[in-house]
Each structure stands twice: as structure tokens, then as C-alpha cells.
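Here are the chains, one letter per residue:
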2 protein chains.
Amino acid sequence: MLSNIRIVLVEPSHPGNIGAAARAMKNMCLEHLYLVSPEKYPHADASARATGADDVLDAAVVTDSLQAAVADCTMVLGASARLRTLNWPQYDPRQAAEEASKASQTSRVAFVFGRERTGLTNEELDLCHYLVHIPCNEQFSSLNLAAAVQVLSYEIFVADQLKPREKIIEDIEIPANQLEMQRFYQHLENTLIKIDFLDPDQPKKLMRRLRRLYNRAQPEQTEINILRGILTAVDKGFEE
Amino acid sequence: MLSNIRIVLVEPSHPGNIGAAARAMKNMCLEHLYLVSPEKYPHADASARATGADDVLDAAVVTDSLQAAVADCTMVLGASARLRTLNWPQYDPRQAAEEASKASQTSRVAFVFGRERTGLTNEELDLCHYLVHIPCNEQFSSLNLAAAVQVLSYEIFVADQLKPREKIIEDIEIPANQLEMQRFYQHLENTLIKIDFLDPDQPKKLMRRLRRLYNRAQPEQTEINILRGILTAVDKGFEE
């Protein structure tokens, strides 16, 4: 579906930004770059910043109007630095990415980025179905062009992966079960008594605190084995 | 709360990336930039790319080790391009931002970015509680450094805006900071050698495993004091 999504840069003036945008896109599995009347393209600065995304950069489609760049798209989203007074349907990047992801299942979608200094003209905004505003510091709101492409490409990629992102723990090891934890705590308590750290007549809340600490870590079996190995080594020293 | 969050760049080689990172941060209301042994700083390229974020760039704190840059932080998140084989707790940017946002209500949080080419060393990863992986094209996964800072800063800003504003009523104790954790690990290692559990010539991955376990629990200061008290009691027994 990502192959149905394109990034359109309107009259980008810095070729470095074009290259960096290509790299940001490729990082997020986007490959279709459109350039509307770029000031300098192709250009060495663009290639330098693309580092490895030369294929995306070289395949960029150059057009002389935004209209031409989005003609075959059914959804056009315009990135906008400021909240327009115009009463335009507006998304944040996450919503925009979700909508684009849905639409891209059946048709082509364009994310449009305006000029570095002046953004999109009103005529160009007229071609957009929605505006996308990247939430940011209202006192310093102009993101670098490639940085804005990076944020939206990232959201598009995440939305495309569909599933809510769960915490990834590769190769989950077996967590210690309750019985193993109890045996560990018993061993720990015995050792603490043996080394005179815990007074069984005045235990206070020491064991409870330690339980809380280790329970929070949710130790794996292997880890509990290591900890018990340490306790056994300590025990030996105190028996001699 | 955003003022409790810092961005740490470890040995960045391109000054342009430092400037672009400063701009990305300021766009997202982050202001504390730390540079560990930057190759070129200050530098004209950094200033050029910062465009308007000179204040963040100029206020950057330079240190000569990652340890020094995160010493007073209670949560350290390391940006990692690849999924490490080691079984490390790993977040995606959204989860990481949410956790950081919560933690930053009471203490300092660091997001750490490694070198452009080689990332973070294993020793530097040992200082991290969590890894953060920006989901991306597995065939072209190396984001530009400043682009990675942009994505994470954006997620941090969004998480900060979304988080419930009510005060946490729970009686939060002060978490141990990185320096206290390092001292604890050093003490633990010494004691393990003393009791013949750890062979300094054949350390294998024991300390790394133990770090992972305790980092996961995010111990409070009081808990670290208890653990060090136990180690001291053990030390005494082995000196007699």
C-alpha cells in the first residue's frame, strides 16, 4: 500500500533538502518522490544528502505544477506549518497517516510540502483535501523541510504496520514462577540473617521492600538462578 | 516537564547534524542538548543548520563520556538502529515518549543517540535502561542522526501534550540516578569477585545480565542503599 503514497515537494529551493527527503522516505519504505519546479535538480548536494537513497532521488518525477503532480491521486494532504484561518479540514500527522493508509489500499495518495520559506499558495491549497499540521513549539514552528517529510513518512510507515505497537521483547525468556520467586526470597532472607544484615527479631519491612524491588523487575528463571548462585557463594564464605 | 528531558549525541562526527538536531529539538520545545566528545563543535556548519535554534546549540553541554552526560538522569533511553541480540527492554518511539513523559514529572530523562556510523558501544548501552528502535525499512534502516532526533523529539512533544495534566497522587520516592547505579554496579562487581562468584578474567556476560535485571526494576535511592548495605555486610564477612 505504501507504493500508492507519494511525497510531493513544491519548488524546493535547497537541493540538500531534496536529498534528505529522499533518504527519509526510503527509510520509511516510500519511494515515489515528485518535485514541482525544483530550483536545483539534479544537484550534487541532493545526492550527497540522499546517501543510499539515490534510487528514490534519481527516480523523482519532475512536473511544472502541483496539479500535474497530483492529477491521479484521490486524496491530497497538504503539510501546513501554521494553523490556517481558513476553515479547512485539518489532521495531525497520526490521523493523516491513518486516513492515507486506508485510502492507499484502493487508490493513490499525495502528501504535499510547500516551499521552505513561503509554504503553499492558496491556489495550491485548493488542490488539497486536508491539511496536516505537525504539532510543535508555537514560538519556533518552522520545521526543516526534510525533517517534516521525515515525521510524516514515519507516521505513514507506522500506520501502515496497522497493529498497535506493542513492546517488543525479542526471544522472551521464561519468567520465574511464583514458587521459584518464593524460594529465592526464602534463600535471600536466610542469607541476610546469616550475614547479620537482617535481625529476625526485628525484621522491620526489609524483606517486603526487597520483594517489591525484585517483583518489579519480573526476573527470568535464568536470572533467579544467577541470584541464587550468588547467595550460595555468600553462604559458603560465612560457613568457613 | 519537557525541561527535564535531554538529548545526548555521542561523538557526532558531522557538525551539520548537531545543528539540525538542535533545530529539531527546539521545534519540539526541547532545549537541553548534550554532546559527548563531538568531533567538531562549535562549527559553522552546525550554526548554519541550526537556523534559529542557535540558543539550544550554544547552550549545549560538552562532556567527555556518556556516563558524565547522564549521571543525574533516572531514565536513560538509547536509540538503536538495529534490534540487538541481547534481550534488552525495547520500546518503539511512542512508548518511549510516554514513559519518558511520565518519568520527567519527577526526574531527569536522557535520550541517547550514538555515532553516525557505529552507534553506541556495548559499554554505552549498559548505561541505558531501555532501547528505542524507530520502526523503518529493514533494508535501509539507518536514519540520518538529526532525522532520528526529529522523530523522537516529535513523539516526546506529542506525548507531553497528550498526557493527563492531573498531579500524580501516589507517593513517589526518588529513583536512583545513573551515578548511584554505577556505584552500585561497581560495588556489586567487586563483591562478586571477592566471594569468587565472578572471575575477572572470565567475566562473560554476568555483569551485563545483572545490570539488565536491576535497570528493569528502576530502583529507588533507598533500595540502592539497602542493596549496598547488604554488599558491605557480605564484604565484611569475607575480610575476616
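What you are looking at is a predicted structure, and each value in this text was computed from that prediction instead of being measured. Each residue is numbered by its place in its chain's sequence as written, counting from 1. A letter from A marks each chain and a number from 1 marks each ligand, given out in the order of writing. For a predicted model such as this one, the threshold for reporting local features is a pLDDT of at least 70, and the threshold for listing and counting side-chain atom pairs is 80 or more; totals across whole chains, interfaces and linings nevertheless cover every residue. As a rule here, side-chain values cover all heavy atoms of the structure and leave hydrogens and water aside.

A. Geometry of the pattern of salt bridges. Any carboxyl oxygen of Asp or Glu that lies within 4 Å of a side-chain nitrogen of Lys or Arg is treated as forming a salt bridge with it. A full pass over the atoms with the stated rule returns 28 salt bridges over all chains. Measuring nitrogen to oxygen at the nearest pair gives 3.5 Å for the salt bridge that ties Glu239(B) to Lys194(B). With Glu239(B) in helix H10 (residues 221–239) and Lys194(B) in helix H8 (residues 178–194), the pair connects residues that are 45 residues apart, well separated along the chain. Residue Glu239(B) is classed as exposed on the basis of its relative accessible area of 57%. Accessibility here uses a 1.4 Å probe with only protein chains present; expressed as a share of the type maximum, an area under 20% marks a residue as buried, one over 50% as exposed, and anything in between as partly exposed. A residue is classified by how much of its surface remains accessible, and Lys194(B), at 36% relative accessible area, is partly exposed. Taken together, the salt bridges that share partners define one network made up of Glu220(A), Glu223(A), Arg209(B), Arg212(B) and Arg216(B). Put simply, DSSP H or I for four residues or longer makes a helix, DSSP E for two residues or longer makes a strand, and each gets a number counted from the N terminus.

B. Representation of the sheet that holds strand S4 (residues 75–79) of chain B in the model. All names here are of chain B. The parallel open sheet is built from seven strands, whose spatial order is S3-S2-S1-S6-S4-S7-S5. Looking at which strands have only one partner, the edges of the open sheet turn out to be strand S3 (61–63) and strand S5 (90–91). Examined bridge by bridge, strand S1 (residues 5–10) and strand S6 (residues 109–113) share five bridges and lie parallel to one another. Note on S6: the bridge partner recorded for Arg-6 is Ala-110. Residues are treated as being in contact if the distance between any of their heavy atoms lies within 4.5 Å. For every element, the axis is a line fit to its C-alpha atoms; helices are fit only across the contacting stretch, and the angle between N-to-C directions ranges from 0 to 180 degrees. Here helix H7 (residues 145–162) sits on the sheet in contact with S1, S4, S6 and strand S7 (130–132), set at roughly 155 degrees to S6. In short, DSSP must find at least two bridges between two strands for them to pair.

C. Main features of the interface of chain B and chain A. The interface is formed by 59 residues belonging to chain B together with 61 residues belonging to chain A. Summed over both partners, buried area is the accessible surface (1.4 Å probe) that two parts give up on being assembled. Both faces considered, chain B and chain A share a buried interface measuring about 5,300 Å² in area, 61% of it formed by carbon and sulfur atoms. At the surface where chain B touches chain A, the tally comes to nine salt bridges. We define a polar contact as two N or O atoms separated by no more than 3.5 Å, with the added condition that, inside protein, one atom must be a possible hydrogen donor and the other a possible acceptor, whereas residues neighbouring each other in sequence contribute only through side-chain atom pairs. Counting across the chain B and chain A interface gives 23 residue pairs in polar contact (both at pLDDT 80 or more). Within the residue set of the side of chain B that touches chain A, elements represented by two or more residues are helix H1 (15–27), helix H2 (44–50), S5, helix H5 (93–103), H7, helix H9 (206–217) and H10 of chain B.

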